[in-house]
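Chains, contacts and geometry: an overview
Letter by letter, the chains look like this.
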Amino acid sequence: MKILIINGPNLNLLGKREPEKYGNRTFENYFEELKSTFESIQLSYYQSNNEGSLIDKIHEVGFDYDGIVLNAGAYTHTSIALADAIAAVPTPVVEVHISNVHAREEFRHHSHLSRVCKGVIVGFGLDSYSLALQYFKNKIIK
Ligand code: DQA
């Protein structure tokens, strides 16, 4: 089973960026833990700050991979183009957020992506990613 984790804008700064909201850990460090926890999954990771690059990556893997775990950062709240890319591919996408966007500013309450995603996991810190991977892992077992 091949799963790609995609992080969008500013998530390259995890560990340094607003640690009270996003924690002290780099994603690269957390990704190593994910790989050892989910040994049965072929996991890869991609990050970009550019909307078009995120769309290109969804097109690239979205006809081949078994799943995508996507934290689109602020593009979640703005990008119809990203929603169209998710809708265009057969690979299921799980939307994740580290912080509880519903407990934050009103503009973060709406996602253009949720409607076209398989499901949404919000507010569990970095565990949001492992909860999404658990969903895909359960699909192997079933
Ligand atoms: C985020 C929430 C978004 O509102 C914000 O723009 C981010 C991170 C999260 O993981 O909590 O960049 O997606």
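The notes below deal with the structure included here. (Residues numbered from 1 in each chain as written. Predicted model: local features only at pLDDT ≥ 70, side-chain atom pairs only at ≥ 80, totals over all residues. Heavy atoms only, no water.)

**Considerations on the site of the ligand**
Residues in contact with the ligand, as listed here, are Arg17, Tyr22, Asn71, Gly73, Ala74, His77, His97, Ile98, Ser99, Val101 and Arg108. The side chain of His77 places a nitrogen or oxygen atom 2.7 Å from an oxygen atom of the ligand. For the ligand, an oxygen atom lies 2.7 Å from a polar atom in the backbone of Ile98. The fraction of the free accessible surface of the ligand (320 Å²) that becomes covered by protein chains is 99%. Class assignment of the residues belonging to the shell around the ligand gives a composition of four nonpolar, five polar and two charged. (Near = heavy atom within 4 Å. Polar contact = N/O pair within 3.5 Å; in protein donor to acceptor, adjacent residues only side chain to side chain. Areas by Shrake-Rupley, 256 points an atom, 1.4 Å probe, with all protein chains shown as cover. Nonpolar A, V, L, I, M, F, W, Y, C, P; charged D, E, K, R; others polar.)

**Details of unusual backbone geometry**
Residues apart from glycine generally show negative phi values, whereas peptide bonds are mostly found in trans. Residues other than glycine seldom take positive phi values, yet Asn10 does so here, at roughly 75°. Tracing the chain through its elements places Asn10 in the loop between β1 (2-7) and α1 (19-22). Judged by its relative accessible area of 37%, Asn10 falls in the partly exposed class. Phi is positive for Glu18, close to 30°, though the residue is something other than glycine. If you trace the backbone, Glu18 turns up in the loop between β1 and α1. The exposure class assigned to Glu18 is partly exposed, which follows from its relative accessible area of 32%. (Helix = DSSP H or I, 4+ residues; strand = E, 2+ residues; numbered from the N terminus. Buried < 20%, exposed > 50% of the residue type's maximum accessible area, 1.4 Å probe, protein only.)

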